[in-house]
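# A look at the structure
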Amino acid sequence: MTSDVQGTLIKYIHLMVDPIDPNINIAIQREGDQWRANLVTEAEAEFTVADGELVRSIQHVARVLVHRKYPEDRSHFILDVNNYRKLREHSISNTIPILAKNDVLADGNTIILVGLSGYERLQVHRTLSEIKGLNTNSVGPSNNRKLLIMPTSETGSSSMDKAKIYTVDQIKKIQVK
């Protein structure tokens with residue numbers, strides 16, 4: 001992402017968020033093959049209404065506008081507020097594999113994760129695809145999808161009646177052994 005594209009992105013984001021918080025700061029940084037535009041604000045509650053729908057909407061509009069102005073630039077970016085998404089991603093990539101090994105591989109239980117965004121479900125699928133003996137599957141309607149982490153047929157399983165249901169916030173609080 002060139003500095004021109006970054007400047008345009010910041011301008012478009014400010015147009016959308018300044019009515020909510022005119023004192024917002026925007027920091028853009030590269031993370032692997034994508035960019036993160038982190039909004040630093042004290043009005044965090046305003047941006048997380050309706051489970052982050054406002055942030056996802058601003059992100060979508062900003063992507064469309066930037067890609068329309070710079071069609072040759074295919075930089076991918078995500079919008080974050082006070083590193084909220086980054087902290088959730090960290091929790092997902094560090095805690096869920098250990099939880100899956102302990103509960104699914106060792107005990108044969110199924111884990112059901114609720115309240116994940118599509119991006120977070122993809123992250124779990126990718127992270128756990130490397131672990132032999134685990135199978136992941138997203139189920140349910142689009143606005144209420146759940147992610148199942150199950151043992152494969154080779155490792156055996158207990159019934160779905162014994163499945164454990166977690167949200168990401170609950171997982172962050174678990175002391176993994």
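## Observations regarding helix H4 (residues 84-106)
- Helix length check: H4, at 23 residues, gives a terminal C-alpha distance of 31 Å against a target of 33 Å (1.5 Å per residue), a fit within 8%.
- A maximum bend of about 30° is found in H4 at Thr 95, where proline Pro 97 lies one to four positions downstream.
- Those residues of H4 not exposed but buried are Arg 85, Arg 88, Glu 89, Ser 91, Ile 92, Thr 95, Ile 96, Pro 97, Leu 99, Ala 100, Asp 103 and Val 104.
- Following H4 by one or two positions, Gly 108 has its phi on the positive side, about 75°.

## Thoughts on the pairing of strand E5 (residues 134-139)
- Relative to strand E6 (residues 146-151), E5 is paired through six bridges, and the arrangement is antiparallel. Looking across to E6, one finds that Leu 134 is bridged to Pro 151.
- Once E5 ends, the chain turns through six residues before running back antiparallel as E6, passing Gly 140 with a positive phi of about 105°.

## Describing the sheet that holds strand E7 (residues 164-167)
- Spatial ordering of the open sheet is given by E5-E6-E4-E7, a layout of four strands whose pairing is mixed. Edge positions in the sheet fall to E5 and E7, since each of these pairs with one other strand and no more. Taken over all neighbouring pairs, the strand axes of this sheet differ in orientation by 20° on average, direction set aside.
- Across four bridges, strand E4 (residues 111-114) lies against E7 in parallel orientation. Within the sheet, the bridge partner assigned to Leu 113 lies in E7 and is Tyr 166.

Rules used throughout
Residues numbered from 1 in each chain as written. Predicted model: local features only at pLDDT ≥ 70, side-chain atom pairs only at ≥ 80, totals over all residues. Heavy atoms only, no water. Helix = DSSP H or I, 4+ residues; strand = E, 2+ residues; numbered from the N terminus. Expected span 1.5 Å × (residues − 1). Bend = angle between axes of the 7 residues up to and from the residue. Buried < 20%, exposed > 50% of the residue type's maximum accessible area, 1.4 Å probe, protein only. Pairing = 2+ DSSP bridges. Axes fitted to C-alpha atoms, helices over the stretch in contact; angles between N-to-C directions.

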